[in-house]
Amino acid sequence: MSQLGRRKFLLYGSTGVLASLLLKGCADGGGGGGDTAADPCAANPCAAGDGIKVGILHSLSGTMAISETTVVDAEMMAIDEINAAGGVLGKQIIPVKEDGASDWPTFAEKAGKLIDNDKVAVVFGCWTSASRKAVLPVFESKNHMLWYPVQYEGQECSKNVFYTGATPNQQIEPAVDWLLENKGKEFFLVGSDYVFPRTANNIIKEQLAAKGGTVAGEDYLPLGDTEVTPIITKIKTALPNGGVIFNSLNGDTNVAFFKQMQGAGLNPDKYPVMSVSVAEEEVRQIGPEYLKGHYASWNYYQTVDTPENKKFVTDFKAKYGEDRVTNDPMESAYIMVYLWKQAVEQAGSTELEAVRAAAVGQEFDAPQGKVAMQPNHHISQTVRLGQVRDDGLFDVVWSTEGSLEPIPWNQYVQDTKGFACDWTDPAKGGKYKEA
């Protein structure tokens, strides 16, 4: 990480400055820079300790805002629902919003501020693995709690993080298996240049080697870079007769990528793209006409046919507008607020160790189907592959029969093969060798 020096400065240097600031409480919605209209303190002052502060830390600006602002909407909807039903332990939840600004040292700085200055009980936050890696030392050094809602590359299992997005065996690996069986053996790997795409592609390469696939090419773009012409040229050169493109680009780079793919004549009949960071919201903003026929791998789609999802979609549209769509990271963000609420209520307290212990085993009838928090701080969930249709939503083309257990330490990578995580057993912890 090129900005490691700056991050260390922020991590260790910001605390003293922030600690000197007076906590403003409910007078300005917690000083988080978000809208105060949804703040329950606006109607019912909470300065006397009648509320429970929670941090919301996402990119509200910069290249990742295209994805992360919608996650904030889902978290706020869950908070508003919980507050309307009486809150948590009889107290209203007070959201304190901070903008990570698509900048990883800023995420670390804001995490410290939420913990030390705002005294939040928990933080819901991050999208990219780069932002999560930046804040992880903050949460671990302060022994605080982050709930993280987005699929990621695995190879991590922290006591201080609860992960409600997919591990690679719940997203990437099933997608590769399906592509090998249905779309071809030659792959071109394209991603943003940070930890998630590079680690994900290393896993894919090991999986392809084990199952008879080949990598025709691999290329990366800096996060936020929209100069995709060189990658399009490389794909055409490496796969002149067509092949599979596995896409882990993030943020608004995807806008340029899919538009130029179509402009270059690389259509899904010969060049199917499987994305792991493009969902309904990204399709809506890019334009369905550029993505129709391409694929994505997620655990949830707006089209999932469950009673819980019908209510989730209806309520979301009623709150934010009929033109809005739901997607997997939003669903993961929504359910993690409820899982945390249930853990607090079981613990009877917001005390961190009590909530951490109570969180394991929590179940929730999520829009995607039932999920459950496992001892490795990840959730069991259903895997679904979807194809983009005319209206920008997804038809599910393949699904697991039920929920799949999460495996954070990858079993294709030799360095982590055979390892597991169990935070309910002190002798095992975050990484132990299975018998």
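Just above sits the structure.
How each quantity is defined
Residues numbered from 1 in each chain as written. Predicted model: local features only at pLDDT ≥ 70, side-chain atom pairs only at ≥ 80, totals over all residues. Heavy atoms only, no water. Helix = DSSP H or I, 4+ residues; strand = E, 2+ residues; numbered from the N terminus. Buried < 20%, exposed > 50% of the residue type's maximum accessible area, 1.4 Å probe, protein only. Areas by Shrake-Rupley, 256 points an atom, 1.4 Å probe, with all protein chains shown as cover. Polar contact = N/O pair within 3.5 Å; in protein donor to acceptor, adjacent residues only side chain to side chain. Contact = heavy atoms within 4.5 Å. Pairing = 2+ DSSP bridges. Axes fitted to C-alpha atoms, helices over the stretch in contact; angles between N-to-C directions. Core = buried A, V, L, I, M, F, W, Y, C linked by side-chain atoms within 4.5 Å. Salt bridge = Lys/Arg side-chain N within 4 Å of Asp/Glu carboxyl O. Disulfide = S-S within 2.5 Å. 1 Å grid on protein atoms, 1.4 Å probe; cavity = no way out; pocket = protein on both sides within 12 Å on 5 of 7 lines; lining within 4 Å. Points joined across faces, edges and corners; volume = space filled by probe spheres on them. Nonpolar A, V, L, I, M, F, W, Y, C, P; charged D, E, K, R; others polar.

Engineer: Looking at this structure, how should I read the overall build of the chain?
Structural biologist: A count of helical and extended segments in the chain gives 13 helices and 17 strands. Per-residue burial for the chain yields a buried fraction of 60% across its 435 residues. By element, 50% of the accessible surface of the chain is carried by carbon and sulfur atoms, the whole surface being about 16,000 Å².

Engineer: How should the side chain of Gln-171 be read in this particular structure?
Structural biologist: Structurally, Gln-171 is set in the loop between β5 (161-163) and α5 (172-182). Look at Gln-171 and you get buried, because its relative accessible area is 1%. In terms of polar contacts, Gln-171 uses its side chain to reach the backbone carbonyl oxygen of Val-276, at 3.2 Å. Beyond its immediate chain neighbours, meaning those up to four positions away, Gln-171 contacts Gln-151, Ala-166, Val-276, Ser-297 and Trp-298.

Engineer: Hey, could you run me through the sheet that holds strand β8 (residues 244-248) in this one?
Structural biologist: As a general point, the strands of a sheet are linked pairwise by backbone hydrogen bonds and lie either parallel or antiparallel. One open sheet holds the seven strands; their spatial order is β7-β6-β8-β9-β10-β14-β15, and the pairing between them is mixed. If you trace the sheet from one side to the other, it starts and ends with β7 (214-221) and β15 (394-399), each paired once. The average angle at which neighbouring strand axes cross in this sheet is 25°, direction not considered. Examined bridge by bridge, β8 and strand β9 (residues 273-275) share three bridges and lie parallel to one another. By the bridge assignment for β9, Phe-246 is matched with Met-274. Each of β6 (186-192), β7 and β8 touches helix α6 (residues 195-211); the most contacted strand, β7, lies at about 180° to it.

Engineer: I tried to follow the nonpolar core on my own but got confused; where do I start?
Structural biologist: A general tendency of soluble globular proteins is for nonpolar side chains to be buried together. If you look at the biggest cluster of nonpolar residues, it comprises 115 residues, and the most contacted ones within it are Trp-147, Phe-187, Ile-235, Phe-246, Phe-257, Met-261 and Trp-340. At eleven residues, the largest contribution of residues to this core is made by helix α12 (residues 328-347). In contact with Phe-246, not counting residues within four places along its chain, are Ile-172, Ala-175, Val-176, Leu-179, Phe-187, Phe-188, Leu-189, Val-190, Ile-204, Met-274 and Val-276.

Engineer: Please clarify how the pattern of salt bridges should be interpreted in this entry.
Structural biologist: Pairing is possible between side chains that carry opposite charge, provided their charged atoms lie close to one another. In total, this model carries 23 salt bridges according to the counting rule given. A salt bridge links Asp-219 to Lys-234, with the shortest nitrogen-to-oxygen separation between them at 2.7 Å. In this pair, Asp-219 is assigned in strand β7 and Lys-234 in helix α7 (residues 229-238), connecting sequence segments 15 residues apart. By relative accessible area, which is 14% here, Asp-219 ends up buried. Judged by its relative accessible area of 42%, Lys-234 is partly exposed. The salt bridge partner of Lys-311 is Asp-315, with a shortest N-O separation of 2.6 Å. On the criterion of helical spacing, the pair formed by Lys-311 and Asp-315 is a turn pair, its members being four residues apart in helix α11 (residues 307-320). Taken together, the shared-partner salt bridges in this structure form one network comprising Glu-98, Lys-110, Lys-113 and Asp-118.

Engineer: Where do I start with the sheet that holds strand β4 (residues 146-148) in this structure?
Structural biologist: What the five strands build is an open sheet, ordered β2-β1-β3-β4-β5; its pairing is parallel. At either end of the open sheet lies a strand with only one pairing partner, and these are β2 (92-99) and β5. Strand-to-strand, the axes of this sheet are offset by a mean angle of 25°, without reference to chain direction. As judged from the three bridges shared by β4 and β5, these two strands associate in the parallel manner. For Trp-147, the partnering residue across the bridge sits in β5 and is Phe-162. Here helix α2 (residues 65-84) sits on the sheet in contact with β1 (51-58), β2 and β3 (123-125), set at roughly 165° to β1.

Engineer: Looking at this model, I keep getting lost on the state of the cysteines. Mind explaining?
Structural biologist: By definition, a disulfide is the covalent link that joins the sulfur atoms of two cysteine residues. Scanning all chains against the criterion turns up one disulfide. Disulfide pairing is shown between Cys-157 and Cys-421; the S-S distance is 2.0 Å. Here the S-S torsion is close to -70°, and the disulfide linking Cys-157 with Cys-421 is therefore left-handed. Here the residue Cys-157 occupies a position in the loop between β4 and β5, and Cys-421 occupies one in strand β16 (residues 419-422), the gap between them amounting to 264 residues. Each of the two residues, Cys-157 as well as Cys-421, counts as buried.

Engineer: Can you help me understand the layout of surface pockets in this one?
Structural biologist: Over the atoms rolls a probe the size of a water molecule, and in doing so it shows where empty space is left. In this model, the second largest pocket occupies a volume close to 180 Å³. What lines the second largest pocket is a set of 14 residues, and nearest its centre among them are Asn-376, Pro-406, Ala-420, Cys-421 and Glu-434. Looking at the lining of the second largest pocket, the element that brings in the most residues is β16, giving three residues. Tallied by class, the residues present in the lining of the second largest pocket amount to nine nonpolar, three polar and two charged.

Engineer: Please explain the environment of Thr-382 as it appears in this structure.
Structural biologist: Position of Thr-382 relative to the elements: it lies in the loop between β13 (379-380) and β14 (384-388). Relative accessible area serves as the criterion here: at 8%, Thr-382 is assigned to the buried category.

Engineer: Please clarify how empty space enclosed by the protein should be interpreted in this entry.
Structural biologist: Overall, the coordinates contain three cavities of 30 Å³ or more when judged by the stated rule. Empty space within the second largest cavity amounts to approximately 40 Å³. When grouped by side-chain class, the residues that make up the lining of the second largest cavity number five nonpolar, five polar and no charged.

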